[in-house]
Amino acid sequence: MAYMYDDQNIFAKILRGEIPNNTVLETEHTLAFRDIAPQAPEHILVIPKGPYVTYDHFAGTASEAEIVDFARASAKISNDLGVAPGAGGNGFRVITNAGEDAIQEVPHFHIHILAGRPLGGILPAEG
Ligand code: AMP
């Protein structure tokens, strides 16, 4: 697996405290904050604090402690927001973009948690 991490990306700057963010949850290995351009009433980004570029980079090389922390933090957010079906909510969607075809804008692994309205089909029309 060959990934080069660019430590000048905007989420690296957020993690270093160089750029403000609207934090929802912070744990030992994970930070979650509100997307600056929300595409749903609830739009949260969850990122590991470590230098991972994509989902496969993170899931394939991070420590078990980092992966468990990230997964548990993500679950806590959907429950705390009240959107998880198990918390009586109407549901949510998790998206992660990796690379060019997925139009990944920020090269620091993140998931989007989207909720608060009907979210439509999984993908837009081709193209
Ligand atoms: P992606 O296209 O999956 O890489 O998503 C990047 C996301 O980061 C977009 O939804 C942006 O709106 C969001 N974003 C970019 N800069 C910031 C920032 N400073 N604070 C919060 N969200 C941001």
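Predicted model, so just to flag it, every value in this text is computed and none were measured. (Residues numbered from 1 in each chain as written. Predicted model: local features only at pLDDT ≥ 70, side-chain atom pairs only at ≥ 80, totals over all residues. Heavy atoms only, no water.)

A. Examining the overall build of the chain more closely. Along the backbone of the chain there are 3 helices and 5 strands. Taken against the 2.2 N^0.38 rule, which gives 14 Å for 127 residues, the C-alpha radius of gyration of the chain at 15 Å falls within 12% of a compact globule. When the 127 residues of the chain are sorted by exposure, 36% land in the buried category. Contacts in the chain between residues far apart in sequence, at least 24 positions, make up 52% of those at least 6 positions apart. Total accessible area on the chain stands at roughly 7,700 Å², and carbon and sulfur atoms take up 54% of it. (Helix = DSSP H or I, 4+ residues; strand = E, 2+ residues; numbered from the N terminus. Rg over C-alpha atoms; globule rule 2.2 N^0.38 Å. Buried < 20%, exposed > 50% of the residue type's maximum accessible area, 1.4 Å probe, protein only. Contact = heavy atoms within 4.5 Å. Areas by Shrake-Rupley, 256 points an atom, 1.4 Å probe, with all protein chains shown as cover.)

B. Quick look at the site of the ligand. The environment of the ligand is formed by 16 residues, the closest being Asp35, Asn97, Glu105, His110 and His112. At a separation of 2.8 Å, an oxygen atom of the ligand approaches a polar side-chain atom of histidine 110. Measuring from an oxygen atom of the ligand, one finds a side-chain N or O atom of histidine 112 at 2.8 Å. Protein coverage of the free-state accessible area of the ligand, which is 510 Å², stands at 88%. It is helix α1 (residues 10–15) that contributes the most residues to the shell around the ligand, 3 residues altogether. Per-class residue counts for the shell around the ligand are 9 nonpolar, 4 polar and 3 charged. (Near = heavy atom within 4 Å. Polar contact = N/O pair within 3.5 Å; in protein donor to acceptor, adjacent residues only side chain to side chain. Nonpolar A, V, L, I, M, F, W, Y, C, P; charged D, E, K, R; others polar.)

C. Structural context of helix α3 (residues 64–80). End to end, α3 covers 24 Å across 17 residues, agreeing with the expected 24 Å (1.5 Å per residue, within 8%). Listed in full, the buried residues belonging to α3 are Glu66, Asp69, Phe70, Ala73, Ser74, Ile77 and Ser78. Projected down its long axis, α3 shows its buried positions confined to an angular sector of 160 degrees, all on one face. In α3, the exposed positions that point more than 90 degrees away from the buried face belong to Glu64 and Arg72. Of the surrounding elements, those touching the buried residues of α3 are β1 (23–26), β2 (30–34), β3 (42–48), α2 (55–61), β4 (92–95) and β5 (111–115). In the stretch just after α3, glycine 82 is the one whose phi turns positive, near 80 degrees. (Expected span 1.5 Å × (residues − 1). Arc of directions from axis to C-beta.)

D. Inspection of the environment of valine 94 at higher detail. Tracing the sequence through the fold places valine 94 in strand β4. Given the relative accessible area of 46%, valine 94 is considered partly exposed. Between the alpha carbons of valine 94 and aspartate 35 there is a distance of 13 Å; along the sequence they are 59 residues apart. Setting aside chain neighbours within four positions, we find valine 94 in contact with Ile111, His112 and Ile113.

E. Here's a closer look at unusual backbone geometry. For isoleucine 103, which is not a glycine, the phi torsion comes out positive at approximately 60 degrees. As for its position among the elements, isoleucine 103 is in the loop between β4 and β5. Exposure remark for isoleucine 103: the relative accessible area of 61% places this residue in the exposed category.

F. Representation of the pattern of salt bridges in the model. Applying the stated rule across the entire model yields 4 salt bridges. When the shortest N-O distance is used, the salt bridge between arginine 34 and glutamate 42 registers 3.0 Å. The class for arginine 34 is partly exposed, based on a relative accessible area of 31%. Residue glutamate 42 is classed as buried on the basis of its relative accessible area of 19%. (Salt bridge = Lys/Arg side-chain N within 4 Å of Asp/Glu carboxyl O.)

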